[in-house]
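Single-letter residue listing:
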Amino acid sequence: MLVLGLGNDLTNIDRIAASIERFGDRFINRIFTPVEIAKADRRPMTRAGTFAKRWAAKEACAKALGTGIRGGVFFTNMGVVNLPSGAPTLVLTGGAAERLAKLTPAGHSAEIHLTITDDHPWAQAIVLITARPE
């Protein structure tokens, strides 16, 4: 197994809540995928925390990719989804998927490992990107 990238992010839930309050759907649709929005909307009591964890996951992923949010990597290119087991992972599209393909050595497949947590007012995510021989 090869380590391709590691990223971490700590986000203030109240800051995300304030952005949602101020900018509403314009903010939400610019940052989050439809799957992420649907998940947060099913959690009215923890909606801001749900969004904050996903914000942190996107930031951590962009760091693990080595780009940050630039160079064709956009927030909506990285979407948090849950596996059937409930474990979170990331699905990459667009520029983020292209960057991952460039990082992945020939004959290997990339795997994204994600852990997210929150304890108000903080949300944290850690992303580890590895590659295994095919």
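Predicted model only: the values in this text are computed from it and were never measured.

Colleague: I'm lost on the nonpolar core in this one. Help?
Modeller: In a soluble, globular protein the nonpolar side chains are often hidden away together inside. One finds Met78, Leu90, Leu92, Leu114, Val127 and Ile129 to be the most contacted residues of the largest nonpolar core, which totals 22 residues. Counting only elements with at least two residues in this core, the list comes to α4 (47-65), β2 (78-82), β3 (88-92), α5 (94-103), β4 (108-119) and β5 (122-133). Sorting elements by how many residues they give to this core places α4 first, with seven residues. When residues no more than four places from it in sequence are discounted, the contact partners of Leu114 are Ala57, Val80, Pro88, Thr89, Leu90, Ala125, Ile126 and Val127. Counting residues in each nonpolar core, the second largest holds 14 residues, with Ile31, Ala40, Phe75 and Ala123 among its members.

Colleague: Could you clarify how one ought to interpret the pattern of salt bridges in this entry?
Modeller: Any two side chains of opposite charge can pair, so long as their charged atoms come close to each other. A complete count under the given rule lists five salt bridges for this structure. The salt bridge partner of Lys58 is Glu36, with a shortest N-O separation of 2.9 Å. One end of the pair, Lys58, is in helix α4; the other, Glu36, is in helix α3 (residues 34-41), and 22 residues separate them in sequence. For the pair formed by Lys58 and Glu36, the shared burial category is buried.

Colleague: Explain the packing of aromatic side chains here, please?
Modeller: Centre-to-centre distance and the angle between the planes together describe a pair of aromatic rings. In this structure the tally under the stated criterion is four aromatic pairs. Centroid distance Phe27 to Trp55: 6.1 Å. Interplanar angle 25°. Geometry classified as stacked. One end of the pair, Phe27, is in helix α2 (residues 25-31); the other, Trp55, is in helix α4, with 28 residues separating them in the sequence. In this structure Phe27 comes out as buried when scored by relative accessible area, which is 12%.

What counts, and at which threshold
- Residues numbered from 1 in each chain as written.
- Predicted model: local features only at pLDDT ≥ 70, side-chain atom pairs only at ≥ 80, totals over all residues.
- Heavy atoms only, no water.
- Core = buried A, V, L, I, M, F, W, Y, C linked by side-chain atoms within 4.5 Å.
- Buried < 20%, exposed > 50% of the residue type's maximum accessible area, 1.4 Å probe, protein only.
- Helix = DSSP H or I, 4+ residues; strand = E, 2+ residues; numbered from the N terminus.
- Contact = heavy atoms within 4.5 Å.
- Salt bridge = Lys/Arg side-chain N within 4 Å of Asp/Glu carboxyl O.
- Phe/Tyr/Trp six-rings, centres within 6.5 Å; stacked < 30°, edge-to-face > 60°.

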